[in-house]
Amino acid sequence: MTGKEVTTAIVGAQKALSPVRNDSGMETSLAKMEQIIEQAASLVILLEGRLRDAEAVFNQQVYISGRDAKSLTRAVQCRARAICDDAGVDYHQAGEIVRKAIYRAIRDEYGIETLYDMPQIKYFEALDSIRGFKSFTLLKRLRAMRSEGNNSG
């Protein structure tokens, strides 16, 4: 409710009470009711302002900590090692390719430049994405690398 709406409600209440005001016995009670209504309206306006402030703070983007970014980096390294092992290629030979693919997928999925730009609220989701990362194109590339390695040896 905006301030204008509250003012309109107060004016409406005053108009509704005005015919009763002519009765002198109720005049004091009506004045007190009017004062209570005005105080309640002021309180509503104050609470709405505080609610808007709280919503603004809540909606501010909070990013992951350095520790969380390092944790995601370790998860990327673990997943890359597992993918290399599953594909039968040496991690030292293909790890960088796999890590870059995982980082690219995470950047694209969350619209970020670096892991430090990850919203805190998305941290566990990103961790799950990393742990479950799969790429058919990457797997084909790793298999080709494995075949080249076997052919050269």
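Scoring rules and cut-offs
Residues numbered from 1 in each chain as written. Predicted model: local features only at pLDDT ≥ 70, side-chain atom pairs only at ≥ 80, totals over all residues. Heavy atoms only, no water. Helix = DSSP H or I, 4+ residues; strand = E, 2+ residues; numbered from the N terminus. Buried < 20%, exposed > 50% of the residue type's maximum accessible area, 1.4 Å probe, protein only. Contact = heavy atoms within 4.5 Å. Areas by Shrake-Rupley, 256 points an atom, 1.4 Å probe, with all protein chains shown as cover. Core = buried A, V, L, I, M, F, W, Y, C linked by side-chain atoms within 4.5 Å. Axes fitted to C-alpha atoms, helices over the stretch in contact; angles between N-to-C directions. Parallel < 35°, antiparallel > 145°, perpendicular 65-115°, else oblique. Left-handed = near helix turned anticlockwise from the far one by under 90°. Nonpolar A, V, L, I, M, F, W, Y, C, P; charged D, E, K, R; others polar. Expected span 1.5 Å × (residues − 1). Arc of directions from axis to C-beta. Phe/Tyr/Trp six-rings, centres within 6.5 Å; stacked < 30°, edge-to-face > 60°. Patch = residues over 30% accessible without salt bridge, like charges linked within 9 Å, V, L, I, M, F, W, Y side chains within 5 Å. Salt bridge = Lys/Arg side-chain N within 4 Å of Asp/Glu carboxyl O.

1. What to know about the overall build of the protein
Step number 1: Within the protein, the regular secondary structure consists of 6 helices and 0 strands.
Step number 2: Across the protein, helices and strands are ordered from the amino to the carboxyl terminus as α-α-α-α-α-α.
Step number 3: For the protein, buried positions account for 27% of its 153 residues.
Step number 4: Put simply, 62% of the contacts in the protein that link residues at least 6 apart link residues at least 24 apart.
Step number 5: With an accessible surface of roughly 10,800 Å², the protein has 53% of that area assigned to carbon and sulfur atoms.

2. A closer look at the nonpolar core
Step number 1: One finds L72, V98, I102, I106, M118, I130 and L142 to be the most contacted residues of the largest nonpolar core, which totals 28 residues.
Step number 2: Of all elements in the fold, only α3 (66–87), α4 (91–110), α5 (123–131) and α6 (136–152) reach the threshold of two or more residues within this core.
Step number 3: By residue number, the principal contributor to this core is α3, which donates 8 residues.
Step number 4: Those residues in contact with L142, other than ones at most four positions away along the chain, are I83, A87, V89, A94 and V98.

3. Here's the deal with the packing of α3 against α4
Each packed pair of helices is defined by two parameters, the angle between the axes and the distance between the axes.
Step number 1: It is at 8 Å that the axes of α3 and α4 come closest, and there the two elements cross at 125°. With respect to α4, the element α3 is oriented oblique. With respect to the hand of their crossing, α3 and α4 are arranged in right-handed fashion. In this structure, α3 contributes T73, V76, Q77, R79, A80, R81, I83 and C84 to the contact, and α4 contributes Y91, A94, G95, V98, R99, I102 and Y103.
Step number 2: Taken together, the residues of the contact of α3 with α4 break down into 9 nonpolar, 3 polar and 3 charged.

4. Concerning α4
Step number 1: If you check α4, its first and last C-alpha atoms are 26 Å apart, about what 20 residues at 1.5 Å a residue would give, namely 28 Å.
Step number 2: Inspection of α4 places Y91, A94, G95, V98, A101, I102, I106 and Y110 among the buried residues, and these make up the whole buried set. Down the axis of α4, the buried set is contained in an arc of 145°. They therefore lie on one face.
Step number 3: The first or second residue beyond α4 is G111, which carries a positive phi of 65°.

5. A look at the packing of aromatic side chains
Step number 1: Counted by the stated rule, this structure contains 1 aromatic pair.
Step number 2: Measuring from ring centre to ring centre gives 4.9 Å for Y123 and F124, while their planes differ by 75°; the resulting arrangement is edge-to-face.

6. Comments concerning a nonpolar patch on the surface
Step number 1: A contiguous nonpolar patch, built from L43, L46 and L47 and spanning about 280 Å² of accessible area, is present on the exposed surface.
Step number 2: Within the secondary structure, L46 is located in helix α2 (residues 27–59).
Step number 3: On the basis of relative accessibility, which here comes to 44%, the residue L46 falls in the partly exposed class.

7. As for α3
Step number 1: Over its 22 residues, α3 runs 31 Å from end to end, which matches the ideal 32 Å to within 8%, given 1.5 Å per residue.
Step number 2: Regarding α3, the residues found buried are D68, A69, S71, L72, A75, V76, R79, A80, I83, C84 and A87.
Step number 3: Immediately beyond the C-terminal end of α3, within one or two residues, lies G88, with a positive phi of roughly 75°.

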